[in-house]
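A structural walkthrough
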Amino acid sequence: MKKFENILCEFPYRGHPHIALVSLNRPKVLNALSTALMQDVIDCFFMLEDNTDVRVIILTGNDKAFAAGADIAEMVEATPIHQIQENRFRSWKQIPLITKPIIAAVNGFALGGGCELAMSCDLIIASDTAKFGQPEIKIGTIPGAGGTQRLTRALGKSKAMYHILTGDMLDAHDAEKAGLVAKVVPTESLMNETFECAKLIANKAPVAIKLAKEAVNAAFESPLKEGLEFERRNFYLTFASQDQKEGMRAFLEKREPDYKGN
């Protein structure tokens, strides 16, 4: 497994042959999302994407923070031209290209870019001490990696407007009630609960999981009529998979399916 400077990558995670763990690893700055860190994340994601044994990716931080925001030191003197030349969000644009489910396990702060990174994942499991927010307004700017768009889709216009215009944080339980977070668990149980969720997904038919993820994401980007047609096409496509045959036969034979990923 390749070593990275700003993250830790573990596969197999806890001995599971289909689950990988990616941990942000800049603890001295609460995992501030530098350009180098984000490039490491993307490089690692694509390495795992290309590994046919990997079916689920878990992304996490540490006990204090998932990620407390962008690396402000990199941006304080930046100009618009510098931002364009740096193509600052190039790595962020590549996250949707990952076809395997990514679960964000969030402990502590997920603020600014950290909240945006968590929302870029397919689902979020949060500890009961997690805090979410887009506080960019407090330092004279606005979210730039999807915060105004994804938070609005999760919370609705009024609540998203409140949190983005005030910079106030959202605690884990309120985030769950609003639909931003799938599940809130005790801090000490976060990684165990996330691992159990990853196992549930990893044990399903990989092709169907990818097609389901693609269809759900299409719901946020398409009118209902187009989304329904997209879903139907992906449903039909699952019938080209041997795993579909195995899953249905196992159901009829009252046994556990043995999915091969084809």
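Check the entry above for the structure.
Residues numbered from 1 in each chain as written. Predicted model: local features only at pLDDT ≥ 70, side-chain atom pairs only at ≥ 80, totals over all residues. Heavy atoms only, no water.

Right, let's get into the overall build of the protein. What the protein contains, in helices and strands, is 12 helices and 10 strands. Taking 2.2 N^0.38 as the reference for a compact globule, 262 residues should give roughly 18 Å; the C-alpha atoms of the protein span a radius of gyration of 19 Å, in line with that estimate. Each of the three principal axes of the protein carries a C-alpha extent, and together these read 60 × 45 × 40 Å. Buried residues in the protein amount to 45% of all 262 residues. Sequence separation of at least 24 residues holds for 66% of the intrachain contacts in the protein that already meet a minimum separation of 6. Summed over its atoms, the accessible surface of the protein is roughly 14200 Å², and 57% of this surface lies on carbon and sulfur atoms. The protein carries 31 positive and 33 negative side-chain charges, and their two centres are separated by 3 Å. (Helix = DSSP H or I, 4+ residues; strand = E, 2+ residues; numbered from the N terminus. Rg over C-alpha atoms; globule rule 2.2 N^0.38 Å. Buried < 20%, exposed > 50% of the residue type's maximum accessible area, 1.4 Å probe, protein only. Contact = heavy atoms within 4.5 Å. Areas by Shrake-Rupley, 256 points an atom, 1.4 Å probe, with all protein chains shown as cover. Lys, Arg positive; Asp, Glu negative; His and termini not counted. Charge placed at Lys NZ, Arg CZ, Asp CG, Glu CD.)

Counting buried positions over the 5 residues of strand β7 (residues 123-127) gives 4, a clear majority of the element. Across 3 bridges, the pairing between β7 and strand β10 (residues 183-185) is parallel. Bridging across to β10, I125 finds its partner in K183. (Pairing = 2+ DSSP bridges.)

Within the span of helix α6 (residues 147-155), buried status applies to G147, L151, A154 and L155. Relative to the axis of α6, the buried residues are bounded by an arc of 80° and lie together on one face. Phi turns positive, to about 95°, at G156, one or two residues after α6. (Arc of directions from axis to C-beta.)

Note that Q244 resides in helix α12 (residues 242-252). Judged by relative accessible area, which is 12%, Q244 ranks as buried. Every residue in contact with Q244, bar those within four places of it in the chain, is listed here: T238 and F239.

Let us now look at the pattern of salt bridges. Scanning the entire structure with this criterion turns up 8 salt bridges. A salt bridge links R255 to E253; the shortest N-O distance between them is 2.7 Å. On the basis of relative accessibility, which here comes to 34%, the residue R255 falls in the partly exposed class. A salt bridge links D258 to K260; its shortest N-O distance comes to 2.9 Å. Relative accessible area serves as the criterion here: at 43%, D258 is assigned to the partly exposed category. K260 gets classed as exposed once you look at its relative accessible area, which sits at 56%. Three or more residues joined by partner-sharing salt bridges are found here, namely E229, R232 and R233. (Salt bridge = Lys/Arg side-chain N within 4 Å of Asp/Glu carboxyl O.)

Right, let's talk about the pairing of strand β5 (residues 102-106) for a bit. Counting buried positions over the 5 residues of β5 gives 5, a clear majority of the element. Covered by surrounding structure in β5 are I102, A104 and V106 together with I103 and A105, the residues of both alternating faces. As paired elements, strand β3 (residues 56-60) and β5 share 4 bridges and run parallel to each other. Its bridge partner being in β5, I57 is matched across the sheet by I102. As paired elements, β5 and β7 share 4 bridges and run parallel to each other. Within β7, the residue paired with V106 across the bridge is A126.

Coordinates in, geometry out; function isn't part of it.
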